[in-house]
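Here is what each chain is made of, one letter per residue.
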Amino acid sequence: MKKMTVRDKELLKEFVEKREVYEKLNSKVSEVINSIIRENSIFTMGVATRVKEVASLEGKLEKKSGKYKKLTDITDLCGARVICYFSDTVDLFAKKLSEAFEIDRSNSIDKREVWEANAFGYLSLHYICFIKGDEDYCNIPFEVQIRTVLQHAWAEIEHDLGYKSKFGVPRAIRRDFSRLAGLLELADKEFIAVRENTIKYNQETHQKIVQGDTDDVFIDFVSLTEFVKYNAEFNAIEDRLTAEKGLEIEFANPDCFISQLDWLGVKTISDLSKMLEETKDTVYEMVSEVISEYELDITTTNMFLQYCMFAEIIKRNYHEELIKQFVALETKDEKQLERTVRNIEEMKKKYAAG
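Report follows, based on the coordinates. The structure displayed is predicted, hence computed values, not measured ones. (Residues numbered from 1 in each chain as written. Predicted model: local features only at pLDDT ≥ 70, side-chain atom pairs only at ≥ 80, totals over all residues. Heavy atoms only, no water.)

1. Some remarks on helix α13 (residues 334–351)
Moving on, step 1. For α13, which comprises 18 residues, the first-to-last C-alpha distance of 25 Å matches the rise-based estimate of 26 Å (1.5 Å per residue) to within 8%.
Moving on, step 2. By the burial criterion, the buried members of α13 are Leu337, Thr340, Val341, Ile344, Glu345, Met347, Lys348 and Tyr351. An end-on view of α13 places all buried positions within 160° of arc, on one side of the element. Facing away from the buried side of α13 by more than 90 degrees, the exposed set consists of Lys335, Lys349 and Lys350.
Moving on, step 3. Looking at the packing, one finds that the buried side of α13 touches α10 (269–294), α11 (301–316) and α12 (320–328).
Moving on, step 4. The backbone nitrogen of Lys335 lies 3.0 Å from a side-chain oxygen of the residue at the head of α13, namely Asp333. (Helix = DSSP H or I, 4+ residues; strand = E, 2+ residues; numbered from the N terminus. Expected span 1.5 Å × (residues − 1). Buried < 20%, exposed > 50% of the residue type's maximum accessible area, 1.4 Å probe, protein only. Arc of directions from axis to C-beta. Contact = heavy atoms within 4.5 Å. Polar contact = N/O pair within 3.5 Å; in protein donor to acceptor, adjacent residues only side chain to side chain.)

Here it is as structure tokens:
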């Protein structure tokens, strides 16, 4: 280990004296970064900001003895790391960051571009930035690292293994590293494709449900959500109860019912629409009675979906054992299971004839 020069020791002392300034800069950087994320609806896994620890700076000065002439030559005394889910989000965030801060392009580096095609090492974007128009901080550099979740995982694993560059990796495992880096880079691109396909599927499913063209729309979280929100028959029951009972209805996540619908043999949205068409009058009567009995003034869309399934069970005249199998898909609580089975049996007696 090299020994610190006199100037290195002066820089360390100066940093200790100015640490409060760096802490304030850190808060300001954090505020701006979170504002960018919020205002542009950028989804991130995490944002971390920090001021370098004195011991860490001391180690850096010892390792790079004599390199730095002034404190502002050290660009990572204040730093931030933003971890995005998608690689194109890295580009979007970088664009917005460059609008919010002054970027020192000569000292910034995009490691995604500088690595050789067959090389490895964590790929991320490193910006050296300055606060705009603030005399207290405008001359103090800080670093912002932007990377994807997978790039971050690579960096953490690489760091844990103790390899700082490709030259430090034994020849025997360089090929493994290179192959893994390629897989992660490919995975980053594939995640974007999955996201785009998901958006396309959501849009197509919405259109089909609104238009009633649902024979080939299988039940999943997306299609069931769109059904609850936009199916005309389902909405008609809600609207009627809202008008007659003054009921307030909130949307609730319906995916808890997917396994029960599957058990009933309801595989597509078209199947569900037919089931609702055949049971809508019973559904309305049952829900209306519950609202009156418990004097409800607010409920969720899940109540209507649940009673639609109850009405189908009543129509099919399932015996108690089958009803238990159905309810057990939604709850493992024995008391809740028995209570729900008992309620369905009571509803069978009342509504079966109808």
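2. Comments concerning the packing of aromatic side chains
Moving on, step 1. Considering all chains together, one arrives at seven aromatic pairs under this definition.
Moving on, step 2. Joined through ring pairs, the aromatic side chains of Phe227, Phe234 and Phe304 make up one cluster.
Moving on, step 3. Just above the ring of Phe251 sits the side chain of Lys229; from NZ or CZ to the centre is 4.8 Å.
Moving on, step 4. Between the NZ or CZ atom of Arg240 and the centre of the ring of Tyr284, over which it lies, the distance is 3.6 Å. (Phe/Tyr/Trp six-rings, centres within 6.5 Å; stacked < 30°, edge-to-face > 60°. Lys NZ or Arg CZ within 6 Å of the ring centre and 35° of its normal.)

3. So, the layout of surface pockets
Moving on, step 1. Within this model, the second largest pocket holds a volume of roughly 510 Å³.
Moving on, step 2. Along the wall of the second largest pocket there are 19 residues; nearest its centre are Val290, Tyr294, Tyr307, Asn343 and Met347.
Moving on, step 3. Within the residue set of the lining of the second largest pocket, elements represented by two or more residues are α10, α11 and α13.
Moving on, step 4. When residues of the lining of the second largest pocket are assigned to their parent elements, the largest contribution, eight residues, is made by α13.
Moving on, step 5. Looking at the lining of the second largest pocket, its residues break down into nine nonpolar, four polar and six charged. (1 Å grid on protein atoms, 1.4 Å probe; cavity = no way out; pocket = protein on both sides within 12 Å on 5 of 7 lines; lining within 4 Å. Points joined across faces, edges and corners; volume = space filled by probe spheres on them. Nonpolar A, V, L, I, M, F, W, Y, C, P; charged D, E, K, R; others polar.)

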